[in-house]
Amino acid sequence: MELRTLRYFLAVAREQNMTEAANVLHVTQPTLSRQIAELERELGVELFERTNRSCVLTGDGMRLRQRAEEIVSLVEQTEGELADREFGISGNIRIGAGETQAMRFVLDVFAALRRDHPGVTCELYTGNADAVEERLERGLLDFALVIEPVNLEKHEWIRMPNPDRVGVAVAADGPWGALRSATPDDVAKMPLLLSSRTSNRAVDLAAWSGGAIDPEVLDVVGRFDLIGNASHLVRSGAACAMGIDHLLQIDGSRDLRFVPLDPPLEIASFLIWKKYRLRSRACEEFLKRLRSALPERC
């Protein structure tokens, strides 16, 4: 299985048409069809369901697409890291992040780095902590920005400044819209949308409430990955979303309010990366600048 063949396969998967993919790759359509057929014979599976107009991935094709994207990404990253040595500080920095205001700090540092080194680029991936950490472990990210809880023993890390304030996003005209803060008694009565994270929960309501809240008897309407889409359900008044401040851009909104928890609760963000992994010069310079930009108390 050659790298070139995997790139051909990915082009067909993206275009869903053999002729269009051949045009993108600047090869003839018969050449491309022959390469894909040879790949299928080598693997012993059908990768596409073919019609006169399209090529749609089979189940085996979808599995190969995921692996092929990982392989090509790792090869391109390696090539970029080696090229750094000859052409100075350049190349791609891959950053994954959940929803946290600390990302502004991280990207400000990247922006300053790029002003001095225009050859540096970034690839941003957004997902919850589970998805981001998985991509970090698979070598598809250089850095991951995650909020507590996180197992720091597995990684090298930097604690970000300005922890996030935890609260509940509510409909402004709903039954909870007039609250100035949300006590354990308030939260226990709310129909809640909670984080879908599997490695503990982003907010441990039992610990925060001193045992006053039993998570097993909460009115949980559902769970969400990223809060943007969940906010539409909040606007309807059907649920209140447990999350952190500054995510929904609701300061000037008339239909949503952020209600902080009482007693107050804050959670920290961490930039993490894999231990013992060689880093490109661009990543090393990024880390250097990030550490220099941190307040002393971090």
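The structure reproduced in this document is the subject of the present report. (Residues numbered from 1 in each chain as written. Predicted model: local features only at pLDDT ≥ 70, side-chain atom pairs only at ≥ 80, totals over all residues. Heavy atoms only, no water.)

**Quick notes on helix 10 (residues 281-293)**
Inclusion rule: Only DSSP runs of H or I covering at least 4 residues are called helices, and only runs of E covering at least 2 are called strands; the numbering of each starts at the N terminus. Here the expected span of a helix is defined as 1.5 Å times the quantity of residues minus one. Three exposure classes are used, based on accessible area relative to the maximum for each residue type with a 1.4 Å probe and protein chains only: buried under 20%, partly exposed in between, and exposed over 50%.
Compared with an ideal rise of 1.5 Å per residue, which puts 13 residues at 18 Å, helix 10 spans 18 Å between its outermost C-alpha atoms and is within 8% of the ideal. Within the span of helix 10, buried status applies to Ala 282, Cys 283, Glu 285, Phe 286, Leu 287 and Leu 290.

**Notes on the sheet that holds strand 6 (residues 155-159)**
We apply this condition: Note: two strands are recorded as paired if DSSP finds a minimum of 2 bridges between them. Note on geometry: axes are C-alpha line fits, over the in-contact stretch for helices, and angles between N-to-C directions span 0 to 180 degrees. Residue contacts follow a heavy-atom distance rule, with two residues in contact if any of their heavy atoms lie within 4.5 Å.
If you trace the 5 strands from one edge of the open sheet to the other, you get 4-3-5-13-6, paired in mixed fashion. Edge positions in the sheet fall to strand 4 (120-126) and strand 6, since each has one partner strand and no second. Averaged over all pairs of adjacent strands, the angle between strand axes in this sheet comes to 25°, irrespective of strand direction. Here strand 5 (residues 143-147) pairs with strand 13 (residues 269-274) via 4 bridges, running antiparallel. Within strand 13, the residue paired with Val 146 across the bridge is Phe 270. Set on the sheet, helix 5 (residues 102-116) makes contact with strand 3 (91-97), strand 4, strand 5 and strand 13; between it and strand 4 the angle comes to about 165°. Across the sheet, helix 10 touches strand 3, strand 4, strand 5, strand 6 and strand 13, and the angle it forms with strand 13 is around 155°.

**Some words on the pattern of salt bridges**
Cut-off, in case you're wondering: Put simply, a salt bridge is a Lys or Arg side-chain nitrogen that is within 4 Å of an Asp or Glu carboxyl oxygen.
For the coordinates displayed, the defined rule picks out 15 salt bridges. With its nearest N and O atoms 2.6 Å apart, the salt bridge here joins Asp 245 to Arg 165. Placement of Asp 245 in the loop between strand 10 (240-244) and strand 11 (256-260) and of Arg 165 in strand 7 (residues 164-171) is noted, with a sequence separation of 80 residues between them. Its relative accessible area of 8% is what places Asp 245 among the buried residues. Salt bridges sharing partners connect three or more residues here, namely Arg 67, Glu 70, Glu 134 and Arg 138.

**What about the side chain of Thr 58?**
To keep it simple, the criterion reads: Residues adjacent in sequence count toward polar contacts only when both atoms are side-chain atoms; beyond that, a polar contact is any pair of N or O atoms within 3.5 Å, and within protein one must be able to donate a hydrogen and the other to accept it.
Looking at the element boundaries, Thr 58 is found in the loop between strand 2 (55-57) and helix 4 (59-87). At 2.6 Å, the side chain of Thr 58 forms a polar contact with the backbone oxygen of Glu 46. Aside from chain neighbours lying at most four places away, what touches Thr 58 is Glu 46, Leu 47, Phe 48 and Glu 49.

**Concerning the environment of Asn 162**
Mapping Asn 162 onto the fold places it in the loop between strand 6 and strand 7. The exposure class of Asn 162 is partly exposed, given its relative accessible area of 45%. Separated by 60 residues in the primary sequence, Asn 162 and Ala 102 place their C-alpha atoms 7.2 Å from one another.

**Remarks on unusual backbone geometry**
Of the consecutive residues Glu 148 and Pro 149, the connecting peptide bond is found in the cis state with omega at -5°. Tracing the sequence through the fold places Pro 149 in the loop between strand 5 and strand 6. Between Asp 262 and Pro 263 the backbone carries a cis peptide bond, its omega angle lying at 10°. The topology assignment puts Pro 263 in the loop between strand 11 and strand 12 (266-267). Positive phi, normally seen in glycine, also occurs at His 26, with a value near 60°. The exposure class of His 26 is exposed, given its relative accessible area of 73%. Even without being a glycine, Asn 162 presents a positive backbone phi close to 60°.

Such coordinate-based values are descriptive only and should not be taken to indicate function.
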